[in-house]
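Architecture at a glance
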Amino acid sequence: MSRFSRRELLGWAAVPWFSRLLNAQDAPQDSEPTFTTAVNVVNIFATVRDKRGEIVRELTKDDFSILENGRPQTIKYFTRETDLPLTVGLLIDTSMSQDKLLNDERGASFRFLDQVLRERKDQFFIAQFDVGVVMRQELTASRSQLNEALSYVDTQTRSQLMRQGGGTVLYDALVKVSNEVMTGQKNRKAIIVLSDGVDFGSNATLSEGIEAVQMADTIIYSILFADPHAYGAGGGAEAQRGRDAMSRMARETGGAYFEVTKKLNLEQTFDAIQTDLRSQYSLGYTPNPPVKEPQFRKIQVTVKRDDVIVEARNRYYARPL
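Everything in this summary refers to the structure shown in the same document. Here the structure is a predicted model, which means the values were calculated and not measured.

Some details on the sheet that holds strand E11 (residues 281–285)
The sheet built from four strands is open, its strands ordered E4-E11-E1-E13 with antiparallel pairing. Two strands bound the open sheet, and with one partner strand each, they are strand E4 (77–79) and strand E13 (308–311). Between one strand axis and the next, the sheet turns through 25 degrees on average, direction left out of account. Pairing of E4 with E11, which is carried by three bridges, proceeds in the antiparallel orientation. Along E11, the bridge assignment pairs Tyr 77 with Gly 284.

Some details on the packing of aromatic side chains
Enumeration over the complete set of coordinates arrives at six aromatic pairs. Here the aromatic rings of Phe 112 and Phe 124 are separated by 6.2 Å at their centres, their planes lie at 65 degrees, and the arrangement is edge-to-face. Residue Phe 112 is located in helix H1 (residues 102–116), and its partner Phe 124 is located in strand E6 (residues 123–129); the two are separated by 12 residues in the primary sequence. Each member of the pair, Phe 112 as well as Phe 124, is classed as buried. Here the aromatic residues Phe 64, Phe 78 and Tyr 281 are joined through ring pairs into a cluster of three or more. The ring of Phe 45 has Arg 188 sitting right over it, with the charged end atom 6.0 Å from the ring centre. The ring of Phe 200 carries the charged tip of Arg 241 above its face, separated from the ring centre by 5.7 Å.

Calculation notes
- Residues numbered from 1 in each chain as written.
- Predicted model: local features only at pLDDT ≥ 70, side-chain atom pairs only at ≥ 80, totals over all residues.
- Heavy atoms only, no water.
- Pairing = 2+ DSSP bridges.
- Helix = DSSP H or I, 4+ residues; strand = E, 2+ residues; numbered from the N terminus.
- Axes fitted to C-alpha atoms, helices over the stretch in contact; angles between N-to-C directions.
- Phe/Tyr/Trp six-rings, centres within 6.5 Å; stacked < 30°, edge-to-face > 60°.
- Buried < 20%, exposed > 50% of the residue type's maximum accessible area, 1.4 Å probe, protein only.
- Lys NZ or Arg CZ within 6 Å of the ring centre and 35° of its normal.

Right, dumping it as structure tokens:
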């Protein structure tokens, strides 16, 4: 597999900012939306949890409220536990700080793909990042191709490190897969990031990485999986910086943040993501006021209950038709 230059990672492509739905006026409240180009709709996928972290599944359209740039919006389309096709990417940190963790990551990823992928409906891709970004498997619905690609995900050898130097271009990787893979896809889209969150050497900033993901209408599930000895005794500040980055990218894209610990292992984390993907609410509205120029617009999704937490993206990139 060839590597890509980091200088290539920041090219911005034109991004469709909205999902489009069919048969809007006549659709019953729990009907499954179908994508088309006829109706201009902002589509939001939301997960609702109670204070114990359990997913809440029994809400109706009337339980939700949406503000766009502080202005109330009318929810026109609503489905529960949507079964729409998935487009999911596994983005795996293969820098030297992850060397002792990769076997566990591969094993849990094999199991996740086996349980989640519906070969006639969903698509997955696999990419790794260290000093550069390598696409191990382009989007495919083939479980066998994905499993084979996972077997090639590995850290660099010492000779490669000596030639290229160290690096962990997490932010560049977010930009690359958003622009080159997720842009233009119309299904539910998610990137699962397995990393300690520490970035060295990216041309992009964390904000630019998150912005690229938002412009591609994609959410991030970030899994903090860290070797506590990777940065030595003085690595506390780096570890916290990585933790903050992983938490922020999930929060601002409407995904979820997980930290692998003795109480929550990697397989349990993947199980939680699988449940989340199958338990989302889909909310759609026509923006008011209409979009007249390209811009980011803030979104706030709330539920009319005090005992729940809503996970949804906090802004989207609006483009006029």
